[in-house]
Amino acid sequence: MSFAADAFSRTRARAHVRVRFAELLDRSLAALGAALGAALMLAACAPAGTAAGSAAPARATSLPPGGYATIERDALAELNAARTDPGGYARRLEQQLPYYQGNVLRRPGDAMGIATREGPAAVREAATALRATPRLAAVTRSAGMSSGAADLVADHGPRGVMGHMGSDGSTMGDRVNRYGRWHGRITESISFGPATGADVIMGLLVDDGVRDRGHRKNLLDPGIGVAGIACGRHVTYAVMCVIDLAAGYEER
């Protein structure tokens, strides 16, 4: 009788251990799933697009003083810094390299790391490309093109949409032509997530995960001279910035 009771106790203990282990395993898997989900969201948080579409690093952070207008102004300044002094901008990109842990970028002050697809290799490749780029003319900001870019932000941001086609079927050319007329060539790059002008431009220049580096080509195109830049709230990725670039533009 004593032996049976002892065996029964041991059986119950083993069953309790198995149940407890299952509970801990479930919690661990749930935590792992949440972590992976967060990493995937951070990677997706940065899609940036041209006509061909793409992705760029995202940064979870609050808006700078001055809000979206500050991001727009700083993005133009960063774009022109990269164009007029590509070698100097390459050095700025390389300053990010010590903050990579594998493919995760986490700079001092960041709330969380950013999962990238290519890791530091893409940064080094971008720096090499910038050093091989001749100095280019700065671009000027166009009010009409910025209004066209703002139309896409106003259309996609509240609906959490990504892409270049407006809900009304409009293209980038259609939107900027509402306020004037573009000439020569036009491209569009879209950043989702980054909340500073520097992060927007650096992300598009690195062009992490984009095989043809289409955004970098857009920003460093020697044939463009005017820019439309608009940033605003995106319900899924917090911040959305549209950069339209053209060879020329006539304001209405």
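Residues numbered from 1 in each chain as written. Predicted model: local features only at pLDDT ≥ 70, side-chain atom pairs only at ≥ 80, totals over all residues. Heavy atoms only, no water.

1. A few points about the side chain of Thr 187
Let me state the cut-off plainly: Working definition: helices are DSSP H or I runs of at least four residues, strands are E runs of at least two. Numbering for both runs from the N terminus. Using a 1.4 Å probe on the protein chains alone, a residue whose accessible area is under 20% of its type maximum counts as buried, one over 50% counts as exposed, and one in between counts as partly exposed. We call two residues in contact whenever any of their non-hydrogen atoms come within 4.5 Å of each other.
Summarising the element assignment, Thr 187 is placed in strand β6 (residues 180–192). A residue is classified by how much of its surface remains accessible, and Thr 187, at 18% relative accessible area, is buried. Contacts of Thr 187, omitting those with residues within four sequence positions, involve Met 172, Asn 218, Ile 243, Asp 244 and Leu 245.

2. Structural notes on the environment of His 234
For the record, the criterion: Here a polar contact means two N or O atoms within 3.5 Å. Within protein one must be a hydrogen donor candidate and the other an acceptor candidate, and residues neighboring in sequence count only if both atoms are side-chain atoms.
Tracing the backbone shows His 234 in strand β7 (residues 226–234). Linking His 234 and Arg 159, residues 75 residues apart in sequence, is a C-alpha distance of 7.7 Å. When sequence neighbours within four positions are dropped, the list of residues in contact with His 234 reads His 156, Gly 157, Gly 160, Val 161, Met 162, Phe 192, Val 239 and Met 240. A distance of 2.9 Å separates a polar side-chain atom of His 234 from the backbone oxygen of Val 161. Here Tyr 237 takes part through its backbone nitrogen, which lies 3.1 Å from a polar atom of the side chain of His 234.

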